[in-house]
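# Fold and contact review
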Amino acid sequence: MALSAPGTPRNVSMKKGTPGMVDKITRTVIRTPKTQFSTPRPICMTPKSKRLNSLPDTPECFSAVAVETPIAKRRSSKDKFDEISNLTVAVRIRPMNSRELACIGAVDIVKVCDDQLIIRTQIGSNGNMSTDHVFHYDHVFWSCDELNPKYATQEDIFRTLGDPLLDSAFRGYNACLFAYGQTGSGKSYSMMGKNMCEIIDIDSQQFTGITPRFCRNLFDRISKLENSAASVEVSYFEIYNEKIHDLLANSNAMNRAPLKVREHPELGPYIVDLSVHVVKSYKELRNWLLIGNKNRATAATVMNEKSSRSHSIFSIELCLSEGLIEEGSSRRSRVSLVDLAGSERLGNSHNTEEKIREGVCINKSLLTLGKVISALSDQKKNQFVPYRDSVLTWLLRESLGGNSLTSMLATISPANTHLDETLATLRYACQARSIINRARVNE
Ligand code: ADP
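Note on numbering: residues in each chain are counted from 1, in written sequence order. Where local features are concerned, this predicted model is filtered to residues with pLDDT of at least 70; where side-chain atom pairs are given and counted, the filter is 80 or more; whole-chain, interface and lining totals use all residues. Values shown for side chains rest on all heavy atoms present in the structure; no hydrogens or waters enter the calculation.

## Some thoughts on the pattern of salt bridges
A pairing counts as a salt bridge when a side-chain nitrogen of Lys or Arg comes within 4 Å of a carboxyl oxygen of Asp or Glu. What the rule picks out here adds up to 15 salt bridges. Between Arg213 and Glu155 there is a salt bridge, with the nearest N and O atoms lying 2.6 Å from each other. Of this pair, Arg213 sits in helix H5 (residues 210-223) while Glu155 is found in helix H2 (residues 154-170), placing the two residues 58 residues apart along the sequence. Looking at Arg213, the relative accessible area reads 1%, which means it is buried. Two residues, Glu238 and Arg296, come together in a salt bridge whose shortest N-O distance is 3.3 Å. Here Arg296 lies in helix H6 (residues 282-302) and Glu238 lies in strand S10 (residues 228-240), a separation of 58 residues in the sequence. This pair shows no difference in class: Glu238 is buried, exactly as Arg296 is. In this structure, a network of salt bridges that share partners links the residues Glu155, Arg159, Asp163 and Arg213. Only DSSP runs of H or I with at least four residues qualify as helices, and only runs of E with at least two residues qualify as strands; both kinds are numbered from the N terminus onward. Type-normalised accessible area, obtained with a 1.4 Å probe on protein chains alone, sets the label of each residue: buried when under 20%, exposed when over 50%, and partly exposed for intermediate values.

In structure tokens, the structure reads:
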């Protein structure tokens, strides 16, 4: 296995504005309405008769609709502009778990209608008033349920979110998918699968998550390449309290000193001494994934469920050498698959100093991620994007904005017992959706 030489930058990723081999397209960014994270959206109180047709039945009397989504306008291609969003935002609702089902008074408050997601809250003990929060996303997925085949399976999620990232990587663009949501909402299930440490689960059709599916499809596509050679390198690390731990290093990640981030003048940020592994088959890649997952789980046991308090980043670098185009020409892309720390706010009581520090670090990185997205969506010329305010955004810099394809999967519970966290997740996802990049097609 090839380990990176100390101090060697391994992230030879595409520079912004350098769209791989696709040189006919230059992408610029258009201005979208400025929206701030955590700014409450206007609530329009609408008589029942004027509510959206697709809303489900409401109790008599009165209801309020909070339309929470800024819907970005797209121009027609007649304007010689193809406006495309480089950021896809999807929401996945997991089924009620046994704890929620056993909880007296816990009810399902989520309704889905196409790409519209409605959170219905009953006000008053007789339930005769309700508030609907209406959100729009690129995709809304119900979870897999054998009784209802309309629900999305792990394969559906991969086809919708993972496949475009794979296409993007083969075209020489960087790509990033991150799962966002409170602990227990289904981030790891979606990214890795039901049991991320079991080889049977990781290979099963039913439970396998996006990351192993991505890896398998990557090698399927490589095996079908004609006149091209491909090389694949992987690394896997986690960020806990703003410190980086290598999940594929020889000894237990948590016993080693945290790794440092440096900035290469041309290649951007990189992690000093991060182990990088050349893989030649899906089987090899899967073994590294299992090692990393086991290291993550071990560290979690040692440090009290730490896994939900850390961000994990599985990074795949693909280099394609195309014999047909030009001798020696190659395109390089990086795909980052990110399972973010739980987004829930920690209560003030019973918190140890360590928990408070964890909370501060998580808030800082998720807030910075929000600010980065907000700055990208503001699109003012020379707008300052605070990538360096957190380790997470600094390392993801090459994958957020510009020509990179980014997808966000927000995961939520359907139960009213998680209403506040669910609304916070949905608003965060809503804000992310306002990033629109525009591709101008040169004549
Ligand atoms: P998180 O990573 O957000 O903390 P997990 O992915 O560990 O949450 O999910 C918590 C529990 O819910 C796990 O037992 C998982 O198997 C289950 N779960 C999550 N999402 C789904 C889903 N879409 N379908 C079925 N079970 C799910």
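## Focus: the packing of aromatic side chains
Two rings from Phe, Tyr or Trp (for Trp, the six-membered ring) form a pair when their centres are within 6.5 Å of each other. A pair whose planes differ by under 30 degrees is stacked, one over 60 is edge-to-face, and the rest are tilted. The final tally for this structure, using the stated rule, is three aromatic pairs. When the centroid spacing of 6.1 Å and the interplanar angle of 15 degrees are considered together, the rings of Phe135 and Tyr137 count as stacked. Arranged with centres 4.0 Å apart and planes meeting at 10 degrees, the rings of Tyr180 and Tyr428 form a pair that is stacked. One end of the pair, Tyr180, is in strand S9 (residues 175-181); the other, Tyr428, is in helix H9 (residues 419-432), and 248 residues separate them in sequence.

## Side note on the packing of H2 against H5
The geometry of H2 relative to H5 is characterised by a closest axis approach of 9 Å and an angle of 50 degrees between their N-to-C directions. By the criterion of interaxial angle, the relationship of H2 to H5 is oblique. Taken as a pair, H2 and H5 cross one another with a handedness that is right-handed. Judged by residue contacts, Gln154, Glu155, Ile157, Phe158, Arg159, Gly162, Leu165, Leu166, Asp167 and Phe170 of H2 engage Ile210, Arg213, Phe214, Asn217, Leu218, Arg221 and Ile222 from H5. Note that Gly is not counted as nonpolar here; it falls among the polar residues with everything else outside the nonpolar set of Ala, Val, Leu, Ile, Met, Phe, Trp, Tyr, Cys and Pro and the charged set of Asp, Glu, Lys and Arg. Residue composition of the contact of H2 with H5, by class: nine nonpolar, three polar and five charged. Note on geometry: axes are C-alpha line fits, over the in-contact stretch for helices, and angles between N-to-C directions span 0 to 180 degrees. For classification, angles of less than 35 degrees are called roughly parallel, those exceeding 145 degrees roughly antiparallel, those between 65 and 115 degrees roughly perpendicular, and all remaining angles oblique. Definitions for this section: a left-handed crossing has its near helix turned counterclockwise from the far helix by less than a right angle. A right-handed crossing has that turn clockwise. Contacts are residue-level and defined by heavy atoms, with any inter-residue pair within 4.5 Å sufficient.

## Considering the site of the ligand
Contacts to the ligand come from twelve residues, most closely from Gly184, Gly186, Lys187, Ser188 and Tyr189. Within the contact set of the ligand, an oxygen atom lies 2.7 Å away from a backbone nitrogen or oxygen of Tyr189. Here the Shrake-Rupley method, with its probe set to 1.4 Å, supplies the accessible areas, and only the displayed protein chains count as covering residues. Burial of the ligand by the surrounding chains reaches 70%, relative to a free accessible area of 560 Å². Sorting elements by how many residues they give to the shell around the ligand places helix H3 (residues 187-191) first, with three residues. Per-class residue counts for the shell around the ligand are two nonpolar, seven polar and three charged. Proximity is defined per residue: any heavy atom of the residue falling within 4 Å of a molecule or strand makes that residue near it. In protein, a polar contact requires one atom able to donate a hydrogen and another able to accept it; more generally it is a pair of N or O atoms within 3.5 Å, and residues adjacent in sequence count only if both atoms are side-chain atoms.

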